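Descriptive structure summary
Spelled out from the first residue to the last, the chains are:
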Amino acid sequence: MHVRYRVHRFDIDMAKDQRKLEQFLNSLAGEVVAIIPSVNPKFTAGGMGAKVSFLLIVEKNN
């Protein structure tokens, strides 16, 4: 059996793209095996923070 993986890049604004992410995940034919966020430091009024720029979504296809 040969297993194939596919990696998708999903650009996201964490404050408003929850529904968009849900629709994308439900549209995948394979099994989601990992979601890897790209987290970058961000300066805020209160000090340091973090921002998720995009997600890498690993899909397993048989």
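Below is a short write-up of the structure. Computed from a prediction, not measured in an experiment: that's the story for all the values here. (Residues numbered from 1 in each chain as written. Predicted model: local features only at pLDDT ≥ 70, side-chain atom pairs only at ≥ 80, totals over all residues. Heavy atoms only, no water.)

Before going further, it helps to spend a moment on the packing of aromatic side chains. Summed over the entire model, instances satisfying the criterion amount to 1 aromatic pair. Measuring from centroid to centroid gives 5.3 Å for Phe 10 and Phe 24, while their planes differ by 35 degrees, and the two rings are tilted. Taken together, the positions of Phe 10 in strand β1 (residues 4–11) and Phe 24 in helix α1 (residues 18–27) put the pair 14 residues apart, joining distant regions of the chain. Its guanidinium or amino end placed over the ring of Phe 54, Arg 9 lies 3.7 Å from that ring's centre, counting from NZ or CZ. (Phe/Tyr/Trp six-rings, centres within 6.5 Å; stacked < 30°, edge-to-face > 60°. Helix = DSSP H or I, 4+ residues; strand = E, 2+ residues; numbered from the N terminus. Lys NZ or Arg CZ within 6 Å of the ring centre and 35° of its normal.)

Turning to the side chain of Glu 59, a few remarks are in order. Inspection of the secondary structure puts Glu 59 in strand β3 (residues 47–61). Buried within the structure, Glu 59 lacks any salt-bridge partner; Arg 6 is the closest side chain of opposite charge, at an N-O distance of 4.8 Å. Only 2.8 Å separates the side chain of Glu 59 from the backbone nitrogen of Gly 30, close enough to count as a polar contact. In this view, Glu 59 contacts Arg 4, Tyr 5, Arg 6, His 8, Leu 28, Ala 29, Gly 30 and Glu 31; residues no more than four positions away in its chain are not counted. (Buried < 20%, exposed > 50% of the residue type's maximum accessible area, 1.4 Å probe, protein only. Lys, Arg positive; Asp, Glu negative; His and termini not counted. Salt bridge = Lys/Arg side-chain N within 4 Å of Asp/Glu carboxyl O. Polar contact = N/O pair within 3.5 Å; in protein donor to acceptor, adjacent residues only side chain to side chain. Contact = heavy atoms within 4.5 Å.)

A word on the nonpolar core. If you look at the biggest cluster of nonpolar residues, it comprises 7 residues: Phe 10, Ile 12, Leu 21, Leu 28, Val 52, Leu 55 and Ile 57. Sort the elements by how many residues they give to this core and β3 lands first, with 3 residues. Every residue in contact with Leu 28, bar those within four places of it in the chain, is listed here: His 8, Ile 57 and Glu 59. (Core = buried A, V, L, I, M, F, W, Y, C linked by side-chain atoms within 4.5 Å.)

Let's shift gears to the pattern of salt bridges. Counted by the stated rule, this structure contains 1 salt bridge. Two residues, Asp 11 and Arg 9, come together in a salt bridge whose shortest N-O distance is 3.1 Å.

Turning our attention to the pairing of β3. As defined by bridge partners, β1 adjoins β3 across 8 bridges and the pair is classed as antiparallel. Looking at β3, one finds that Arg 9 is bridged to Leu 56. A loop of 2 residues connects strand β2 (residues 31–44) with β3, the two strands running antiparallel in sequence. (Pairing = 2+ DSSP bridges.)

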